[in-house]
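Working through the structure, step by step
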Amino acid sequence: QVQLVESGGGLVQAGGSLRLSCAASGRIFSVYGMGWFRQAPGKEREFVAAISWSGGSTYYADSVKGRFTISRDNAKNTVYLQMNSLKPEDTAVYYCALGSGPYMEVAKRSSSDFGSWGQGTQVTVSS
């Protein structure tokens, strides 16, 4: 059974930065793609970013492209989301997700690519 634990959320002013972390346990992390999603109050969960199992490919939602960076450290079983130039509309609960199978692509920018989810971490951006 995989366990994903997010951390790093908090309150930040517009224009500021945060780095989210997601620590994975229970599976061979290095062979799974990883992703980040977010859900704002009253809205559906939406794709934010994903990284292939090899780390060689990354994917972003248009709304965060150029501001957010996803990365992974397989030695630490951890995936990161560096968020810069934050906007009030980035306010949401951010969820880490593990790819649905080993060596599977995570290019569809969709929750259908992912099989396990963390509990989420709150990010609040004040104006």
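To start, this report covers the structure provided alongside it.

Criteria and cut-off values
- Throughout, a residue's number is its position along its own chain's written sequence, starting from 1.
- Where local features are concerned, this predicted model is filtered to residues with pLDDT of at least 70; where side-chain atom pairs are given and counted, the filter is 80 or more; whole-chain, interface and lining totals use all residues.
- For the side-chain quantities, the full set of heavy atoms in the structure was used; hydrogens and water were omitted.
- Helix and strand assignments come from DSSP, with helices taken as H or I runs of at least 4 residues and strands as E runs of at least 2, each series counted from the N terminus.
- Summary of the burial criterion: residues with accessible area below 20% of their type's maximum are buried, those above 50% are exposed, and those between are partly exposed, where the area comes from a 1.4 Å probe applied to protein chains only.
- When the sulfur atoms of two cysteines come within 2.5 Å, that pair is taken as a disulfide.
- Between any two strands, pairing holds if DSSP finds at least two bridges.
- What counts as an axis is a line fitted to C-alpha atoms, over the stretch in contact for a helix, and the angles between N-to-C directions run from 0 to 180 degrees.

This part takes up unusual backbone geometry. Its identity as a non-glycine residue notwithstanding, Asn-77 has a phi of 50°, on the positive side. Its place among the elements puts Asn-77 in the loop between β7 (68-73) and β8 (78-83). Assessed through its relative accessible area of 25%, Asn-77 is described here as partly exposed. Unlike most non-glycine residues, Tyr-103 shows phi in positive territory, near 65°. For Tyr-103, the location among the structural elements is in the loop between β9 (92-99) and β10 (114-117).

Another point: the state of the cysteines. Counted according to the given criterion, the structure contains one disulfide. With a sulfur-sulfur separation of 2.1 Å, Cys-22 is cross-linked through a disulfide to Cys-96. The chirality of the disulfide connecting Cys-22 with Cys-96 is left-handed, given an S-S dihedral of about -75°. Pair noted here: Cys-22 is in strand β3 (residues 18-25) and Cys-96 is in strand β9, with a separation of 74 residues, a long-range link. Of the two residues, Cys-22 and Cys-96, both sit in the buried class.

Right, let's get into the sheet that holds strand β1 (residues 3-7). Overall, antiparallel pairing links the four strands, which are arranged β1-β3-β8-β7 in an open sheet. Only two strands of the sheet have a single partner each, and these edge strands are β1 and β7. Looking at each pair of strands side by side, their axes are set apart by 15° on average, direction ignored. Two elements, β1 and β3, share five bridges in a ladder whose sense is antiparallel. Bridged to Leu-4 within β3 is Ala-24.

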